[in-house]
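Residue-level listing of the chains:
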Amino acid sequence: MILLRKFRVLILMVFLIACSMHIMIDLLPKLERHSNSGCSCSHTPSEEPQSWGKQGWPNKHTLRILQDFSNEPSSNVSSHSLERIPATGDKTQALRRLEHLGQRGDRKRQFIQDATVTKNMPVKGSRLSALYDHPLYKRSLPPLTDEDTLFNVNTDIRFDPKATEDQACTKHHMKGNTDGTMDEFSPMGELTADSYPNWLRFHIGINRHELYSRHNPVIEALLKDLVIQKITSVAMKSGGTQLKLIMTFQNYGQALFKPMKQTREQETPPDFFYFSDFERHNAEIAAFHLDRILDFRRVPPVAGRLVNMTKEIRDVTRDKKLWRTFFISPANNVCFYGECSYYCSTEHALCGKPDQIEGSLAAFLPDLALAKRKTWRNPWRRSYHKRKKAEWEVDPDYCEEVKQTPPYDSGTRLLDVMDMTIFDFLMGNMDRHHYETFEKFGNETFIIHLDNGRGFGKHSHDETSILVPLSQCCRVRKSTHLRLQLLAKEEYKLSTLMAESLVRDRLSPILIQPHLEAMDRRLRQVLNVLTECIEKEGYSYVVEDDLQGDQGSDHPHNGPGRR
């Protein structure tokens, strides 16, 4: 009996010792951080990654909350990280944090000359340059007020000298918090917006009419940053059907990484439903270039990048779930698969050659704590069911109902949907279930063209059902119609312009020739639909003149309701 009691006491002691060791191991990184919490001016934005075998998990993943890029219907939640987002009421604090990080990243950043990117810059006399010199691509915006810009640099984004409380370290001061986040230093004195990092300058340029201006040099600089900036941390994006990664750079910019899943020559299998198709990294890149050539400028900048899966993903991630999915394949290639609803298993692993993998990097939009976005259900959303059809597929007069429903009964929203319809048809994208707008601008603003990875899946097939909104409503902007006619001409041929634009990307070629030729074929079909509409309804009914005044903002949108 005594031996039994002693045995029980021994088991209890072993259990208590094990628990104590587990707690100490978990708290060790925090203790180390507190012991180093003094002024340390030699800290860099990110320490060198440890080897895989020695990698630890020192604290919660500290991705900043300054940006968000989402393709989910519930995109008003922040991008996935293990760090909580401050409440909406903390907008002032978030803005200060954005400014501090942006300036600090700019001072730390080293501009590395990239011979390949410089070599591929557009040359004078090219067809692309001639296109952008055309009068249709030189229309000026109406004067912008504070209500027309997403951020007011003089009020929303500025330095607050009081934010720096520790006078012992006025420059390179970093202090650890109990929640595992980092408060970056606040530089003394104010700097101009021109000194901001490119991702922040991109954010500041967003207004009611566009994500970026036509000839903004910041966009080319931002595309270069996406290719050459050092990746300091990686985490999986929450939600969605397929694996996406959030990558943070040394200058504190962030981008959404979609890895390569198909080669350029592979087409979507004929038995695949649109909602189970792969998301293609090259489609995201091509969509950005197409959107710019169409002069919509509603897709955030996207660039292709060759990523080292070992040094730039596995060794820098603190996402345990992602880290645990890495393995070495029988061919001695580094592979991982992450966690998602579809295609995240060893059978669908993403493997490098041996550890290099292609992917698209899409610059983040401003975080929702700073610039709220509203998510709208696309009226021509598909059923996402194997047998059921959506209402618009069986009712030829469906558009008449849409025209009576806000916000499509006034303003420019219906015309924006028509632009998006044409954009999707040229790509062959059937997956436009929702779209987003910036909440600040209300209903009088553009649609953001997010999540284009399911475009360019089939060059041998034109999905005419994508054009149903255009054929049912018979509405289009005059500027859009004229640009489509221009791109159908031989001297401004869409496929040639796309080829010239895409050759500048690091992963060129982005599209094979059959995909380029398919865009020319589809463009002719769009113009045929509009020609039929004009013959049936009359030019003045079909074509909304937005070339007079402030892009139609001062004109009543009487097209949908005039009948």
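Residues numbered from 1 in each chain as written. Predicted model: local features only at pLDDT ≥ 70, side-chain atom pairs only at ≥ 80, totals over all residues. Heavy atoms only, no water.

The line we're drawing: UniProt positions are given in the numbering used here, feature names are shortened, and annotations may be inferred rather than shown by experiment.
Looking up the protein chain in an unreviewed UniProt entry gives the name FAM20 C-terminal domain-containing protein, with the organism given as Mastacembelus armatus. Turning to the protein chain, the UniProt annotation filed under Cofactor (unreviewed entry) states: "Mn(2+)". Quoted verbatim from the Sequence similarities (unreviewed entry) field of UniProt, the annotation for the protein chain is "Belongs to the FAM20 family."

## A look at the UniProt feature "binding site: Mn(2+)" (unreviewed entry) in the protein chain
Defined as follows: In DSSP terms, a helix is any run of H or I states spanning at least four residues, a strand is any run of E spanning at least two, and both are numbered starting from the N terminus. Think of it in three bands: with a 1.4 Å probe and only protein chains considered, a residue is buried below 20% of the maximum accessible area for its type, exposed above 50%, and partly exposed in between. Side-chain atoms alone can form a polar contact between residues adjacent in sequence; in general such a contact is a pair of N or O atoms within 3.5 Å, and within protein one must be able to donate a hydrogen while the other accepts it.
Per the UniProt annotation, the sites labelled "binding site: Mn(2+)" (unreviewed entry) are Glu-279 and Asp-451. Taken together, the annotated residues stretch across 173 residues yet fold into one region, lying no more than 9.0 Å apart by C-alpha. Topologically, Glu-279 is positioned in the loop between strand E6 (254–259) and helix H7 (281–293). Here Glu-279 falls in the buried class, since its relative accessible area comes to 5%. Within the structure, the side chain of Asp-451 is placed 3.0 Å from the side chain of Lys-258, a separation counted as a polar contact.

## Focus on the packing of aromatic side chains
Heads up, the rule is: Classification of ring pairs uses Phe, Tyr and Trp, with its six-membered ring standing for Trp, and accepts pairs whose centres are within 6.5 Å; under 30 degrees between planes counts as stacked, over 60 as edge-to-face, and the remaining range as tilted.
One pass over the structure, following the stated rule, counts eight aromatic pairs. Ring centres of Phe-327 and Tyr-337 lie 6.3 Å apart, and the angle between their planes is 50 degrees; on these two criteria the pair is classed as tilted. With Phe-327 in strand E8 (residues 327–328) and Tyr-337 in the loop between strand E9 (334–336) and strand E10 (350–351), this residue pair connects regions lying 10 residues apart in the sequence. Look at Phe-327 and you get partly exposed, because its relative accessible area is 25%. Measuring from centroid to centroid gives 5.7 Å for Trp-380 and Tyr-398, while their planes differ by 80 degrees, and the two rings are edge-to-face. Linking Trp-380 in the loop between strand E13 (373–377) and helix H10 (391–394) with Tyr-398 in helix H11 (residues 398–403), this pair joins segments that are 18 residues apart in sequence. On the basis of relative accessibility, which here comes to 10%, the residue Tyr-398 falls in the buried class.

## Details of the side chain of Arg-208
Rule in force here: Contacts are assigned to residue pairs that have any heavy atoms within 4.5 Å of one another.
Note on placement: Arg-208 falls in the loop between helix H5 (198–204) and helix H6 (217–228). According to the relative accessible area criterion, Arg-208 is buried, its value standing at 17%. In this structure the side chain of Arg-208 is engaged in a polar contact, spanning 2.7 Å, whose partner is the side chain of Asp-148. For Arg-208, the residues in contact, after removing those within four places along its chain, are Glu-147, Asp-148, Phe-441, Glu-444, Thr-445 and Phe-446.

## Notes on the state of the cysteines
Rules: When two cysteine sulfur atoms are found within 2.5 Å, that pair is recorded as a disulfide.
Applying the stated criterion across every chain, the model contains four disulfides. Across the disulfide from Cys-335 sits Cys-351; the S-S distance is 2.0 Å. Residues Cys-335 and Cys-351 are joined by a disulfide whose S-S torsion is about 110 degrees; by sign, that bridge is right-handed. Here Cys-351 lies in strand E10 and Cys-335 lies in strand E9, a separation of 16 residues in the sequence. Taking relative accessible area as the criterion, Cys-335 reaches 0% and is therefore assigned buried.

## Concerning the confidence of the model for the protein chain
As a reminder of what qualifies: Every residue is assigned a pLDDT by the predictor, reflecting its confidence on a scale from 0 to 100.
When pLDDT is averaged across the protein chain, the result is 78; 71% of the residues are at 70 or more. Here residues 29–89 is a poorly scored stretch, pLDDT under 50, and it has 158 contacts once near neighbours within four places are set aside; other chains count. Long-range and interchain partners of residues 550–563, a stretch whose pLDDT sits below 50, account for 28 contacts in this model, where long-range means more than four residues apart.

## Thoughts on the nonpolar core
How we decide: Throughout this description, the term nonpolar core refers to a set of buried Ala, Val, Leu, Ile, Met, Phe, Trp, Tyr and Cys residues connected via side-chain atoms within 4.5 Å. Note that the domain bounds reflect an automated or database-derived domain assignment.
Counting 113 residues, the largest nonpolar core has Leu-245, Trp-380 and Met-498 as its most contacted members. Here the element with the most residues in this core is helix H12 (residues 413–427); it accounts for nine residues. Two domains share this core, each providing at least three of its residues, namely domain 1 (195–363) and domain 2 (370–544). If sequence neighbours within four positions are ignored, Met-498 has contacts with Ala-286, His-289, Leu-290, Ile-293, Leu-511, Leu-516 and Met-519.

## Structural notes on the environment of Asp-277
Locating Asp-277 in the fold gives a position in the loop between E6 and H7. Taking C-alpha positions, Asp-277 is 9.4 Å from Asp-431, a pair spaced 154 residues apart along the chain.

## Focus on the sheet that holds E9
Working definition: the strands of a sheet are paired by backbone hydrogen bonds and lie parallel or antiparallel to each other. Rules: DSSP bridges decide pairing: two strands pair if at least two such bridges lie between them.
If you trace the three strands from one edge of the open sheet to the other, you get E8-E9-E10, paired in antiparallel fashion. Two strands close off the open sheet at either side, each with one partner strand: E8 and E10. Two elements, E9 and E10, share two bridges in a ladder whose sense is antiparallel. Residue Cys-335 lies in a different strand from E10, and its bridge partner there is Cys-351.

## Structural notes on the sheet that holds strand E7 (residues 302–308)
Our working rule: Angular values range over 0 to 180 degrees, each being the angle between N-to-C directions of two axes fitted as lines to C-alpha atoms, with helices fitted over their stretch in contact.
The strand order E4-E5-E6-E11-E7 describes an open sheet built from five strands, whose pairing is antiparallel. At either margin of the open sheet sits one strand with a lone partner, and together these are strand E4 (231–236) and E7. Taking each pair of neighbouring strands and ignoring which way they run, the sheet shows an average axis angle of 35 degrees. Here E6 runs beside strand E11 (residues 356–363); their pairing, made up of five bridges, is antiparallel. Across the sheet, residue Lys-258 finds its bridge partner in E11, namely Ser-360. Lying over the sheet, H6 contacts strand E5 (245–249), E6, E7 and E11, oriented at roughly 15 degrees with respect to E7.

## A closer look at the pattern of salt bridges
Counted only if it meets this: Note on definitions: salt bridges are taken to be side-chain nitrogens of Lys or Arg within 4 Å of carboxyl oxygens of Asp or Glu.
This structure, assessed with the given rule, holds 24 salt bridges. With a closest N to O distance of 3.1 Å, Arg-305 and Glu-312 form a salt bridge. Judged on exposure class, the residue Arg-305 and its partner Glu-312 are both buried. Salt bridges here are not isolated pairs; linked through shared partners, they connect Glu-210, Arg-214, Asp-295, Arg-297 and Arg-483.

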